[in-house]
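Structural description and commentary
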Amino acid sequence: MDNKDGQTVPGKPAADPRKAAWRKTLVDKRQSLADRAWRNDLLQRVMRVWLIDRPDTVIGAYWPIKGEFDPLPALFRWQEAGLEEDAQSAARHRRIGLPVVNKIDKTLTFYSWYPGCPMEEDAYGIPKPKDTEIIEPTLIFVPCVGFGPGGYRLGYGGGFYDRTLASLRPKPFTVGLAYDFAYVPDMQPESHDVPLDAILADTGVMWPGR
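Moving on to the sheet that holds strand β10 (residues 198-201). With respect to topology, seven strands assemble into an open sheet ordered β3-β2-β1-β6-β9-β10-β11, the strand pairing being mixed. Whereas interior strands pair on both sides, the edge strands pair on one side only; in this sheet they are β3 (108-113) and β11 (204-207). Taking the axes of each pair of neighbouring strands and ignoring which way they run, one obtains an average angle of 30° across the sheet. The pairing of strand β2 (residues 95-101) with β3 spans six bridges and is classified as antiparallel. Its bridge partner lying in β3, P99 is registered against F110. Strand contacts of helix α2 (residues 36-51): β1 (58-60), β6 (139-143), β9 (173-177), β10 and β11, with the helix running at about 140° to β10, the strand carrying the most contacts.

Attention now goes to the pattern of salt bridges. Between side chains of opposite charge, pairing is possible as soon as their charged atoms come close. Taken as a whole, this structure holds 11 salt bridges when the rule is applied. In this structure, the salt-bridge partner of K24 is D28, at a minimum N-O distance of 2.8 Å. Of this pair, K24 and D28 are both found in helix α1 (residues 18-31), four residues apart, which corresponds to roughly one turn of the helix. Residue K24 is classed as exposed on the basis of its relative accessible area of 56%. R39 is the salt-bridge partner of D202, the closest N and O atoms lying 2.6 Å from each other.

Confidence along the protein averages 87 in pLDDT terms, with 88% of residues attaining 70 or more. Element-level pLDDT for the protein is lowest in helix α3 (residues 72-89), with a mean of 78, against a maximum mean of 98 in β10. Predicted confidence is poor over residues 1-10, with pLDDT under 50, and the contacts of this stretch with residues over four places away or in other chains come to 19 contacts.

Attention shifts here to the packing of aromatic side chains. If you walk through the whole model with that rule in mind, you get five aromatic pairs. On the numbers, 6.2 Å between centres and 65° between planes, the contact of W50 with F141 is edge-to-face. Here the residue W50 occupies a position in helix α2, and F141 occupies one in strand β6, the gap between them amounting to 91 residues. Judged on exposure class, the residue W50 and its partner F141 are both buried. For the pair Y124 and F160, a centre-to-centre distance of 5.7 Å together with 70° between the ring planes defines the contact as edge-to-face. Residue Y124 is located in the loop between β4 (119-121) and β5 (127-129), and its partner F160 is located in helix α4 (residues 160-167); the two are separated by 36 residues in the primary sequence. Since its relative accessible area comes to 23%, F160 is described here as partly exposed. One aromatic cluster is present, formed by W50, F141 and F173 through successive ring pairs.

So, how was this worked out
Residues numbered from 1 in each chain as written. Predicted model: local features only at pLDDT ≥ 70, side-chain atom pairs only at ≥ 80, totals over all residues. Heavy atoms only, no water. Pairing = 2+ DSSP bridges. Helix = DSSP H or I, 4+ residues; strand = E, 2+ residues; numbered from the N terminus. Axes fitted to C-alpha atoms, helices over the stretch in contact; angles between N-to-C directions. Contact = heavy atoms within 4.5 Å. Salt bridge = Lys/Arg side-chain N within 4 Å of Asp/Glu carboxyl O. Buried < 20%, exposed > 50% of the residue type's maximum accessible area, 1.4 Å probe, protein only. pLDDT = per-residue confidence, 0-100. Phe/Tyr/Trp six-rings, centres within 6.5 Å; stacked < 30°, edge-to-face > 60°.

Following this line, the structure appears as structure tokens:
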């Protein structure tokens, strides 16, 4: 679980002290990208191709912050393609969800999102859907500050996704999204870490397969 830097939890090993430095370096680099538009276009293409063979009709994503890649344009294209399939094969309508933090247990609940959807800021100043329905994704695209060998994710340290994924049954398929420079070869999983099912970057599928 991503614990806050400098904090320990009884019975759990302390977090790798290098994580704080990795986070700062990677977020700073991400926020100052000169080739952001080019990288975004590449990663959107990777997403669209990867989604072709997926059976999911409800996908969770995120509102990009701190220079994160924006997955919503690619997912809107995926949703539009589903509407075309509806007309031909009566496939179910595809839905996209954005996370809202539960203040009590610090987990995430996904609410339906669509372009033009009414939005409001959550307790952390991040836009969230306003007055839309709760949905249960079978696939969740997760933002990565960084990622390491074996599909392990470096997050911001709050543990929201870890707690959420540990509480969901059945567990959704999890896919990390990041730029390729976010790979941290020295990152080692801690005993409580669970790998993502896949990681996509602007240069292709980073995990599994590389």
